[in-house]
Amino acid sequence: MSDAQALVDAHHHVWDLDLRPQPWLDEPGHEPIRRNFSSHALRSAATRPIAGRRLTSTVVVQCIASVPETRDLLALAESDPLIGAVVGWADLASPAIGDVLDELRATPAGRYLRAVRHLVQGESDPRWLQRPDVERGLRAVGERGLGYDVLVRSHQLPQAIRLAQRLPELPLVLDHAGKPPVATRELTDWAQQLRTLARHPQVHCKLSGLVTEADHEKWTVDDIRPVWDVLLSAFGPDRLMFGSDWPVCVLAGGWNRWAEAVEEFLDDCSGTETQAVLAGTATAFYHLTPAPVPTKEGTPCS
């Protein structure tokens, strides 16, 4: 396969409920994904190409606040060539955060740890990311050459903005575009905050998790296109990366349906811009294999 055919899924999950329970799956509405999902199941699900590219590499992301889960994901990356990087978890508020990260990186599969994440979306403190103990932990993350995946809901975007202001040296990527309220179409406040966040050059954004913010049964490409337009104008393709949020996306159509939508969004993009969104940005942020270089230029994204 040539480099120009590479496709990176920058955000997916795996879980084995017999090995490690996922309490969040007990919430109503999660019945379709209340079962085991492996990286092999992802291979079987992700059959549709995007712009002629088929899945070549992925970034697997933590689900629960568990260092043992992170160790499991690192071991999986060591054994499965599809997985190029791991976004793990460690307690950012712990005085021992540096030691924990060093321990994880010292394991045989530790080289796959490229970023950490915390479920800030579940924190009630509106300044959780600005707590002194958390900031100390985030500085420890950056000092080790790791990135940070920012998982917040749209009303928590001010926290992400303050984080970008206070720690300009820490590479950040906004998961699921900050979860805009696609279903209600009330995007004005989200768009304003998103554009403010995007002014910080160390911040990137995942084109992921949007279908589960829409009507799970009835969403269309036109429902999500306004979000895409804001993301493209705010971040540009060099700071946007495709992610499926599989298997959570199964709740709203699955991997292939989202891939079809993304291909429609990219119709007006040049080869270089498509390359960035589908592989290059994630490759650079997560230090994957060298980003592919397209051979032809088109007109810029409109």
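Details of the structure are given in the entry above.
What you see is a predicted model; the values in this text were computed from it and never measured.

Reading the values: the criteria
Residues numbered from 1 in each chain as written. Predicted model: local features only at pLDDT ≥ 70, side-chain atom pairs only at ≥ 80, totals over all residues. Heavy atoms only, no water. Helix = DSSP H or I, 4+ residues; strand = E, 2+ residues; numbered from the N terminus. Rg over C-alpha atoms; globule rule 2.2 N^0.38 Å. Buried < 20%, exposed > 50% of the residue type's maximum accessible area, 1.4 Å probe, protein only. Contact = heavy atoms within 4.5 Å. Areas by Shrake-Rupley, 256 points an atom, 1.4 Å probe, with all protein chains shown as cover. Lys, Arg positive; Asp, Glu negative; His and termini not counted. Charge placed at Lys NZ, Arg CZ, Asp CG, Glu CD. Pairing = 2+ DSSP bridges. Axes fitted to C-alpha atoms, helices over the stretch in contact; angles between N-to-C directions. 1 Å grid on protein atoms, 1.4 Å probe; cavity = no way out; pocket = protein on both sides within 12 Å on 5 of 7 lines; lining within 4 Å. Points joined across faces, edges and corners; volume = space filled by probe spheres on them. Nonpolar A, V, L, I, M, F, W, Y, C, P; charged D, E, K, R; others polar. Core = buried A, V, L, I, M, F, W, Y, C linked by side-chain atoms within 4.5 Å. Parallel < 35°, antiparallel > 145°, perpendicular 65-115°, else oblique. Left-handed = near helix turned anticlockwise from the far one by under 90°. Right-handed = clockwise from strand over helix to strand, strands pointing away. Disulfide = S-S within 2.5 Å.

Undergrad: Explain the overall build of the protein to me, please; I cannot follow it from the model alone.
TA: A count of helical and extended segments in the protein gives nine helices and eight strands. In terms of C-alpha radius of gyration, the protein reaches 18 Å, essentially the compact-globule figure of 19 Å for 302 residues. Along the first, second and third principal axes, the C-alpha set of the protein runs to 50 × 40 × 40 Å. Relative to its full complement of 302 residues, the protein shows a buried share of 57%. In the protein, the proportion of contacts linking residues at least 24 apart, taken out of those at least 6 apart, comes to 81%. As displayed, the protein has an accessible area near 12600 Å², and 51% of this comes from carbon and sulfur atoms. The average position of the 30 basic charges and that of the 40 acidic charges among the side chains of the protein differ by 2 Å.

Undergrad: Please explain the sheet that holds strand E8 (residues 240-242) as it appears in this structure.
TA: Strand order in the open sheet made by the eight strands is E1-E2-E3-E4-E5-E6-E7-E8, with parallel pairing throughout. Across the chains shown, the open sheet's two edge strands, defined by having one partner strand only, are strand E1 (8-12) and E8. Mean inter-strand twist for the sheet, computed between neighbouring axes without regard to direction, equals 25°. Seen against the sheet, helix H7 (residues 221-235) touches strand E7 (203-207) and E8 and runs at an angle of roughly 155° to E7.

Undergrad: Just checking my understanding: could you explain the layout of surface pockets for this structure?
TA: One water molecule sets the probe size; rolling that probe over the atoms shows where empty space is left. Its boundaries defined by the atoms lining it, the largest pocket holds a volume of some 580 Å³. What lines the largest pocket is a set of 22 residues, and nearest its centre among them are Trp 24, His 30, Gln 121, Arg 153 and Lys 179. Each residue belonging to the lining of the largest pocket can be placed in one class, and the counts come to eight nonpolar, eight polar and six charged. Computed from the structure, the second largest pocket encloses a volume of approximately 240 Å³.

Undergrad: How should I be thinking about the environment of Val 116 in this particular structure?
TA: Looking at the secondary structure, you find Val 116 in strand E4 (residues 113-118). Its relative accessible area of 2% is what places Val 116 among the buried residues. Between the C-alpha atoms of Val 116 and Val 61, which are 55 residues apart in sequence, the distance is 8.6 Å. In contact with Val 116, not counting residues within four places along its chain, are Val 87, Gly 88, Leu 92, Leu 101, Val 141, Gly 147, Tyr 148 and Asp 149.

Undergrad: What is the right way to read the nonpolar core from this model?
TA: When a protein is soluble and globular, its nonpolar side chains tend to lie buried together. Within the largest apolar cluster, 92 residues are counted, with the highest numbers of intra-cluster contacts made by Tyr 148, Trp 190, Leu 231, Trp 255 and Trp 258. Per-element accounting of this core gives the leading share, nine residues, to H7.

Undergrad: Explain the packing of helix H6 (residues 188-198) against H7 to me, please; I cannot follow it from the model alone.
TA: Think of two packed helices as two axes; the pair is described by the angle between the axes and how far apart they sit. Interaxial distance between H6 and H7 falls to 9 Å at its minimum, and their mutual angle equals 25°. Judged by the angle between their axes, H6 and H7 are roughly parallel. Considering only the axes of H6 and H7, their crossing is right-handed. Taking contact as the criterion, the partners of Trp 190, Ala 191, Leu 194, Arg 195 and Ala 198 in H6 are, on H7, Val 227, Val 230, Leu 231, Ser 233, Ala 234 and Phe 235. Considered class by class, the residues forming the contact of H6 with H7 number nine nonpolar, one polar and one charged.

Undergrad: What is the right way to look at the pairing of E7 in this model?
TA: As a general feature of sheets, a regular strand has side chains that alternate between the two faces. Along E7, five of the five residues are buried, which leaves the element largely enclosed by surrounding structure. On E7, burial covers both faces: Val 203, Cys 205 and Leu 207 on one face and His 204 and Lys 206 on the other are all buried. Each parallel crossover has a hand, and for strand E6 (residues 172-174) linked through H6 to E7 it is right-handed. Pairing of E7 with E8, which is carried by three bridges, proceeds in the parallel orientation. Residue pairing in the sheet places Cys 205 in a bridge with Leu 240 of E8.

Undergrad: Teacher, can you tell me more about the state of the cysteines here?
TA: The term disulfide refers to a covalent linkage connecting the sulfur atoms of a pair of cysteines. Summed over all chains, the structure comprises zero disulfides. Cys 63 provides the cysteine sulfur closest to Cys 249, a residue in no disulfide bond, and the two sulfurs are 13 Å apart.

Any link to function would need more than the numbers given here.
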